[in-house]
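Remarks on the overall topology
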Amino acid sequence: MKPSRPLYEREPELAAAAKALDALCGGQAAGGLLVFSGEAGIGKTALLGEIKAMAADRCTIWSARGGETVTSVPFHVVRQLLQPALDRFPADEIRALFGDWFEIAAPALGLADPSGPQPDPQGVRDGLDHVVSQLASRLSHRPPLLIVDDAHWADGESLAWLAGFTARLSELPVLVLQAHRPQELADRDADWAIARAPRNTGTEGHPALTRVALRALTPDATADLVRAGLGDHADDPFCREVWAVTGGNPYEAVELVAKAQDRELAPVEESAGFLRELGASARGSGLVARLERLGTNANRFAWAAAVLGTEISQELAATLAGMSSAEAADCTSRLRDARIVSGFDPLEFVHPLIASAVYRSIPPATRTAMHGRAAWAITQAGLGAAAASRHLLEVHPDDDQELVAQLREAARQHLAVGAPEAARRCLERALDEPPRPGDRAALLYELGCATLLSSPATTVQHLRAALDTPGLDETLRIDATFRLASALSHNNQLKDAALSLAAEASRTAPGPGLMRLQAAHFLWEGMQAAEDDGPGRSARLARNADHLKGRDNAERALLTLRAFDAMLRGENAQLVVDFCERALVDGRPARGLGWTDSEWGFELPAMVGITYAFTDQLDRADALFGEAVRAFEISGWSGAHLAFAHTLLGLVHRRRGRLAEAEVFLRDGLRLADRAGSGLPVHWDATCLLVDTLLARGRTAEARLVADRYDFGPPYPSAMVLPDAPCVRGRLLLAEGRTEEAVAELEAAGAALEPRGRFNGVWAPWAGDLARALADTDPVRAAQLATRARVHAERFGTDTAIGEALRCLALFVPTEEATHLLSESVRHLETSSSAYEHALARFEYGIAIRSERELARAQKLATACGAEGLATRAQQVRASIRSSE
């Protein structure tokens, strides 16, 4: 394919693009990522333009460009890409394209005002993914080509979206082209798709990625470029000097040829000595001097345009430069003739190198003043505080309380569209102004809240500073302490969380605020993997909660904590369920205690559901966890929160014995958690449950792979894991035949749990598994463990707990009694809805009475559960019985 305009020595790049376009538009309909990198002026933009021309008749093209002065504008690049594509749809069709994601993602694109709770940035990114997928499905005849130029200057929110979106291009008929300067990207430390995308490894789940580094032109190609501009009579020494002056940089070579034309310089050896001077005028101080020669007005207008950045409004530039519309139009014409800007309204600089040179030529004091005036002009134009904030960030601190108020409002607007990093920048700048002493603590509190979903460690720093700063009113102090404890807990600092709450509670007057602090204190004390006085804490919690009726949210919170603690301790299950009922309103979390309510946090409804799951109230747990998924999806909380909700649904399916379904939900939970970070609390919960589920399915090798991938083992986190992690790891070691290691792990689990009074053998089945591990080497101790486990199970009183305890004890009693115990175990587990444990009990009962009929029922149950290993064993024993008869 012949280029529409001369491009020199770019045949490999164009061939790579042609191949990608053929894959996209041909029968494969395959998406991919094509990344071009190179220094400024190397020809990235020209190359993208040529590819755009190649694709014009085949693709729907969306393009965007980063800008040096707009990196702080959230979703700037995304809006450039998607707004034009959406503009052609009426409002009702746009809503249909977004579907349930409208309230979450449309505000980020400026298509709707924010509503509802602060969205999780990951939710916004998922919403954008959905919209692009919907658009792509409507454009199957002309699949989308997304072009992002100067990606090293793209805003962080857009880069974060591109990172996730490009990782799933193998699923979509979308081609993404990105161009960037490698050094500038490295300087920003941007760990996005461009920087860390997988190389051409064919890794499953990633699109085909092609990386191309653009190189400078050779002397021969530079000579061709010179002769194309100045004529074939340009001699070799002249052409060689152009190459030497420009280093083969295409942009500089084109500009130098244009300057030679303007000067009517003969392209011969005698003129070559003038080229260095001409070349200097195309960049840096030479470019600035050339601009100054255009006159004061043109210079001032160019400054205004450089401050505004990209997509420059001529009217705003005129306002900023302090000139009339006619003067602005005249300046635009002169700047266009000088190849400094292109377009009319909006304007753009011809090349980023020019924009950077003009911006940096503005005297610092003048530049700062112009940013301040730009912020004023944008505000006066009704574009809002968020739009003005990038200019406010550049203004020098000057004790301006109006600026503080504007930045705080901008931060609120950024948070409302899912841009917490942009909000953080505004609030940190507001602190530098500085705010009035009475406002400083509240501003620090806002700063801490801004980073709660994205950076718990940063939240801890700012909320501690807010609490240490005089002037924070009591309501904010309580909320700041509560949020601080939540952030500490998610940062694996549960003991610090409990201490912070206790300290604040000691200075808080009686009332709802104190009850909130006390409830949170009980929460994070109890969630610790180890504590000094577990029984004492449980006794204090019982005294505080047992008499409560659930008349307000503080009472309901304490009842939730009491129910969860009683479940772990193995207290009477009916009493435990009664606490849960009092903690709910008509069977659902009360207003203010829901999954996305910020006052109390999602932990409380989760604890109610988990308590139901371990007291055989699986329908109630399923309903609560299904509501969690819906609430998080509606609110766009599709990071760690949604991962936890999927994990909780996996727990319900595991408890029901629907092992295949449980595995699906748990793997989804891990996939969602992986997007949010690594080593998160939800990683531990999902991994623990997935290992347990795979073991139940008889897939020990897979369980080991999962455990190793997620470092499932000591040291364990400071927070307790769902279910007890050492117990599950002990079960894994037993399945692998590593009995001595398993015994040590299970004994350690018991030594940690028993002093705390935690005897729920379904949550933490260490005693039963340890008894089985010791059956051959220490049968007396094994029988004692099984007997004690039965006592605790009968105290708890659920069919699952009793059935499992009886099944274990049957190993250590005479044959006739064992048969009776197994029969009772089957009866309890058949009632419990724990289908996998029921299948196990029926399998062992069938062996005990040598009944092929019972074993067939066990095999059928195991197959229905997805417990392939148990089904195979049942089939083998059945065959053995038949052959012996």
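Higher on the page you've got the structure.
Here the structure is a predicted model, which means the values were calculated and not measured.

Rules used in this analysis
- Residues numbered from 1 in each chain as written.
- Predicted model: local features only at pLDDT ≥ 70, side-chain atom pairs only at ≥ 80, totals over all residues.
- Heavy atoms only, no water.
- Helix = DSSP H or I, 4+ residues; strand = E, 2+ residues; numbered from the N terminus.
- Polar contact = N/O pair within 3.5 Å; in protein donor to acceptor, adjacent residues only side chain to side chain.
- Buried < 20%, exposed > 50% of the residue type's maximum accessible area, 1.4 Å probe, protein only.
- Contact = heavy atoms within 4.5 Å.
- Pairing = 2+ DSSP bridges.
- Core = buried A, V, L, I, M, F, W, Y, C linked by side-chain atoms within 4.5 Å.

Time to look at the side chain of Ser832. Position of Ser832 relative to the elements: it lies in helix H42 (residues 815-832). Here Leu829 takes part through its backbone oxygen, which lies 2.9 Å from a polar atom of the side chain of Ser832. For Ser832, the side chain forms a polar contact with the main-chain nitrogen of Ser834, separated by 3.0 Å.

Its place among the elements puts Thr687 in helix H35 (residues 681-696). Look at Thr687 and you get buried, because its relative accessible area is 1%. In contact with Thr687, not counting residues within four places along its chain, are Leu670, Val706, Tyr710 and Phe712. Among the polar contacts made by the side chain of Thr687, one reaches the main-chain carbonyl oxygen of His683 at a distance of 2.6 Å.

Turning our attention to the environment of Gly657. Locating Gly657 in the fold gives a position in the loop between helix H33 (640-656) and helix H34 (659-676). Among the residues examined, Gly657 registers a relative accessible area of 2% and is labelled buried. For the pair Gly657 and Glu603, spaced 54 residues apart in sequence, the C-alpha separation works out to 25 Å. Apart from residues no more than four positions distant in its own chain, Gly657 is found in contact with Ala835, Tyr836 and Cys865.

Sheet faces and side chains relate simply in a regular strand, where the side chains alternate between the two faces. The buried fraction of strand E1 (residues 32-37) amounts to 6 of the 6 residues, a majority that puts the element mostly inside the structure. The alternating pattern of E1 places Gly32, Leu34 and Phe36 on one face and Leu33, Val35 and Ser37 on the opposite face, and all of these are buried. The pairing of E1 with strand E4 (residues 175-180) spans 6 bridges and is classified as parallel. Of the residues in E4, the one forming a bridge with Val35 is Gln178.

Once that is clear, we can look at the environment of Ala793. Tracing the backbone through its elements, the reader meets Ala793 in helix H40 (residues 779-796). Once the C-alpha coordinates of Ala793 and Asn760 are considered, the two residues, 33 residues apart in sequence, prove to be 7.2 Å apart. Excluding residues that lie within four positions of it along the chain, Ala793 makes contacts with Thr798, Ala801, Ile802 and Ala805.

This next bit is on the nonpolar core. As a rule of thumb, nonpolar side chains are buried together in soluble globular proteins. Ranked by internal contacts, the top residues of the largest apolar core, which has 193 residues, are Trp595, Ile610, Phe625, Trp763 and Trp766. No other element matches the 10 residues that helix H29 (residues 553-569) contributes to this core. Contact partners of Phe625, with chain neighbours within four places excluded, come to Trp595, Ala606, Gly609, Ile610, Leu648, Leu649, Leu651 and Val652. The next biggest cluster of nonpolar side chains, apart from the first, holds 45 residues, and it includes Leu86, Phe102, Leu139 and Phe165.

Right, let's talk about the pairing of strand E2 (residues 60-65) for a bit. Only one face of E2 is buried: it carries Thr60, Trp62 and Ala64, and the other face, with Ile61, Ser63 and Arg65, is open. Summarising the sheet, E2 and strand E3 (residues 144-149) pair through 6 bridges and their orientation is parallel. The residue of E3 that forms the bridge with Arg65 is Asp149.

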